[in-house]
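So you can see what is in the structure, the chains are spelled out below.
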Amino acid sequence: MRRDVFVIGFALFSMFFGAGNVIFPPYLGLESGGQWILGFFCYYMADIGLALLAMFAILREGGVSRVTGRLGRIPSALLMSAVVLCIGPMLAIPRTAASTFEMSVTPLFPEASAMVFSVLFFAVIFLLSVRESAVVDIVGKILTPALLIGLLVVILRGVLHPLGPVPGGTLVENVPANGVKAGYQTMDVLAAMVFGGIILKSAQSKGYQDQKSKFRVVAGAGAVAGAALFVVYMGLTYLGVTTSGEFGRWVNRTFLVTYIVRSLMGQAGTVVFALVVALACVTTAVALVSSSADYFSELSGGRLSYPALVGVMCVFSAVVSNIGLDQIIAVASPVLDIVYPSSLALIVLAAFGGSIRNNWVFRFAALGALVFSVLEALRVYVGMDMPLLAALPLAHLGFGWALPAAACGLAGALLFRKSGGMKG
């Protein structure tokens, strides 16, 4: 079992650790300053902590469809479609191209055209995705450890020879909330809802059929992936802290990463890092395009063909990627603030509420989370005056929707006491 734990754990690490995720911890460290450890822990729990919780919820229920299915057929399809669009053509896929351009192309070819690059990038993605090429699997198995080793070398050098001192102050007022929002931006929790079934099938294919053995191997794999990500993300956050004397919040996230790599490893290190990041983003984009196209093809009952969906997603993502990485992240913030809460409400209930068979509890809790997350987004991003929302418990951490969701779930239980089962 030990070998399987490490094999599945490494696969889980590969799914959660995309090259695009490299940009968030250093910027978080820059913003958090003297409170960077607090900011990091909030980021880690909102990212990997909740993603692993989602994995265990899916394992407990026997598949993501059994988690979202508690909402009913149409609401479940709407929620999963929103999740797939977020980790697909709306946000995550365009982000792979924007990350590649800003971290791999611009540092080496400053005059390169973003539009031309996006066309070439997604032409490659289309060819690899539409044929479901095995080359991607082979390259991915090489690139993930290469990227990990390269980052560990950069981190070690940055720890031994820091770029600057750790400042006493911070650049943001609410470090914990900032860490939570950065964790949301990785979209790993949403990815876990889509990729969770893959890990479950992987455990089953290795002979772990009963619930106890599957739980043991997935729990061990989660610990392996979580530990590796903890080291990498904490190291990257610290590297960002050491640049506080050079930059403010205005700095471009990808420029900050390339600055750190160039300062610690020189031009040769920048070239190698650019190459590995570019190839890693290609494999990530192919995985996301393939998964998204496959989902919508199945949802349509085959009426929308997989190749046609791949083509549409590549064209749409190429257009979106040209708005730039920071702009994509800015657009993603309110979208993720709305999509995450209802997903998390289902995950928490599935993980800890195994004895709850009344589906109306899940439905009301998800609805309560959705309503209050929309109101919170209007308060934060539109400026609507709703002081009650800011006064809710955990609101300062970005979880103000949690109490309303719990109250709505309780209301569902009381109003529909006799309803239960998957058809409830």
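Residues numbered from 1 in each chain as written. Predicted model: local features only at pLDDT ≥ 70, side-chain atom pairs only at ≥ 80, totals over all residues. Heavy atoms only, no water.

A.B. asks: Sorry if this is basic, but what is going on with the overall build of the protein chain here?
C.D. replies: Scanning the protein chain from terminus to terminus reveals 17 helices and 0 strands. Relative to the 2.2 N^0.38 estimate, which gives 22 Å for 424 residues, the radius of gyration of the protein chain is 21 Å and therefore close to what a compact globule would have. Taken along the three principal axes of its C-alpha coordinates, the protein chain extends 65 × 50 × 45 Å. In the protein chain, which comprises 424 residues, the proportion classed as buried is 54%. Counted over contacts in the protein chain with a minimum sequence separation of 6, partners at least 24 positions apart contribute 83%. Approximately 18,400 Å² of the protein chain is accessible, and the part contributed by carbon and sulfur atoms is 69%. When the 26 basic and 18 acidic side-chain charges of the protein chain are each reduced to a single mean position, those positions are 13 Å apart. (Helix = DSSP H or I, 4+ residues; strand = E, 2+ residues; numbered from the N terminus. Rg over C-alpha atoms; globule rule 2.2 N^0.38 Å. Buried < 20%, exposed > 50% of the residue type's maximum accessible area, 1.4 Å probe, protein only. Contact = heavy atoms within 4.5 Å. Areas by Shrake-Rupley, 256 points an atom, 1.4 Å probe, with all protein chains shown as cover. Lys, Arg positive; Asp, Glu negative; His and termini not counted. Charge placed at Lys NZ, Arg CZ, Asp CG, Glu CD.)

A.B. asks: Would you mind going over the layout of surface pockets with me for this structure?
C.D. replies: Regions of empty space are outlined by a rolling probe, equal in size to a water molecule, passed over the atoms. When its volume is computed, the second largest pocket comes out at roughly 460 Å³. Lining the second largest pocket are 25 residues; nearest its centre among them are Ala177, Lys181, Glu376, Val380 and Gly398. If you tally residues by element for the lining of the second largest pocket, the top one is helix α15 (residues 359-382), at 7 residues. Its residues assigned to classes, the lining of the second largest pocket shows 13 nonpolar, 6 polar and 6 charged. (1 Å grid on protein atoms, 1.4 Å probe; cavity = no way out; pocket = protein on both sides within 12 Å on 5 of 7 lines; lining within 4 Å. Points joined across faces, edges and corners; volume = space filled by probe spheres on them. Nonpolar A, V, L, I, M, F, W, Y, C, P; charged D, E, K, R; others polar.)

A.B. asks: What's the story with helix α2 (residues 24-32) in this structure? I'm lost.
C.D. replies: Helical geometry: 3.6 residues make up each α-helical turn, so side chains three or four residues apart lie on a common side. For α2, the buried fraction is high: 9 of the 9 residues fall into the buried class. Elements in contact with the buried residues of α2: α3 (36-61), α6 (92-105), α9 (175-185), α11 (211-241), α12 (253-299) and α14 (325-352). Downstream of α2 by a residue or two, glycine 33 has a phi angle that is positive, lying close to 55 degrees.

A.B. asks: Would you take a moment to explain the nonpolar core for this structure?
C.D. replies: Across soluble globular proteins, nonpolar side chains have a tendency to be buried as a group. Formed by 126 residues in total, the largest nonpolar core has its most connected members in Phe16, Phe17, Ile125, Phe273 and Leu344. Ranked by residues supplied to this core, first place goes to α12 with 18 residues. Non-local contacts of isoleucine 125, meaning those with residues more than four positions away in its chain, are made with Val282, Ala285, Val286, Val289 and Cys314. (Core = buried A, V, L, I, M, F, W, Y, C linked by side-chain atoms within 4.5 Å.)

A.B. asks: I'm lost on a nonpolar patch on the surface in this one. Help?
C.D. replies: On the surface, a cluster of nonpolar side chains totalling about 290 Å² of accessible area is made up of Leu367, Leu370, Val371 and Val374. By relative accessible area, valine 374 is classed as partly exposed at 31%. (Patch = residues over 30% accessible without salt bridge, like charges linked within 9 Å, V, L, I, M, F, W, Y side chains within 5 Å. Salt bridge = Lys/Arg side-chain N within 4 Å of Asp/Glu carboxyl O.)

A.B. asks: Is there a simple way to explain the side chain of serine 104 in this structure?
C.D. replies: Here serine 104 lies in helix α6. From its side chain, serine 104 meets the backbone oxygen of alanine 274 in a polar contact 2.6 Å long. Not counting the four nearest positions on each side in its chain, serine 104 is found in contact with Ser99, Ala274, Val277 and Ala278. (Polar contact = N/O pair within 3.5 Å; in protein donor to acceptor, adjacent residues only side chain to side chain.)

A.B. asks: I tried to follow the environment of tyrosine 381 on my own but got confused; where do I start?
C.D. replies: Take tyrosine 381: it is sitting in helix α15. Residue tyrosine 381 is classed as partly exposed on the basis of its relative accessible area of 37%. Expressed as a C-alpha distance, the spacing of tyrosine 381 and proline 176, which sit 205 residues apart in the sequence, is 19 Å. When residues no more than four places from it in sequence are discounted, the contact partners of tyrosine 381 are Lys181, Ser333, Pro334 and Asp337.

A.B. asks: When you look at the side chain of asparagine 178 in this model, what are you seeing that I'm missing?
C.D. replies: The topology assignment puts asparagine 178 in helix α9. Discounting residues that sit within four places of it in the chain, asparagine 178 has contacts with Leu28, Glu31 and Val172.

A.B. asks: What am I meant to see in the packing of aromatic side chains here?
C.D. replies: Counting across every chain of the model gives 23 aromatic pairs. Geometrically, the ring pair formed by phenylalanine 40 and phenylalanine 230 is edge-to-face, given 5.2 Å between the ring centres and 75 degrees between the ring planes. With a gap of 190 residues between them, phenylalanine 40 in helix α3 and phenylalanine 230 in helix α11 connect regions that are remote in the sequence. Between tryptophan 360 and phenylalanine 416, the ring centres sit 4.3 Å apart and the planes meet at 15 degrees, which makes this aromatic pair stacked. Of the two residues, tryptophan 360 is situated in helix α15 and phenylalanine 416 in the segment after α17 (402-415); the sequence distance between them amounts to 56 residues. Classification of phenylalanine 416 by relative accessible area gives partly exposed; the value is 28%. Joined through ring pairs, the aromatic side chains of Phe13, Phe17, Tyr43 and Tyr233 make up one cluster. The positively charged end of arginine 70 is found above the aromatic ring belonging to phenylalanine 362, 4.1 Å away from the centroid. Across from the ring centre of tyrosine 27, 4.2 Å away, lies the NZ or CZ of arginine 253, which sits over that ring. (Phe/Tyr/Trp six-rings, centres within 6.5 Å; stacked < 30°, edge-to-face > 60°. Lys NZ or Arg CZ within 6 Å of the ring centre and 35° of its normal.)

A.B. asks: Can you help me understand the packing of α6 against α12 in this one?
C.D. replies: When two helices pack together, their arrangement is given by the angle between the helix axes and the distance between those axes. Interhelical geometry of α6 versus α12 gives an angle of 155 degrees and a closest axis separation of 7 Å. As judged from the angle between their axes, α6 and α12 are roughly antiparallel. When the axes of α6 and α12 are compared, the crossing they make is left-handed. Its residues assigned to classes, the contact of α6 with α12 comprises 12 nonpolar, 8 polar and 1 charged. (Axes fitted to C-alpha atoms, helices over the stretch in contact; angles between N-to-C directions. Parallel < 35°, antiparallel > 145°, perpendicular 65-115°, else oblique. Left-handed = near helix turned anticlockwise from the far one by under 90°.)

From the geometry alone we can't say anything about function, so treat these as descriptive.
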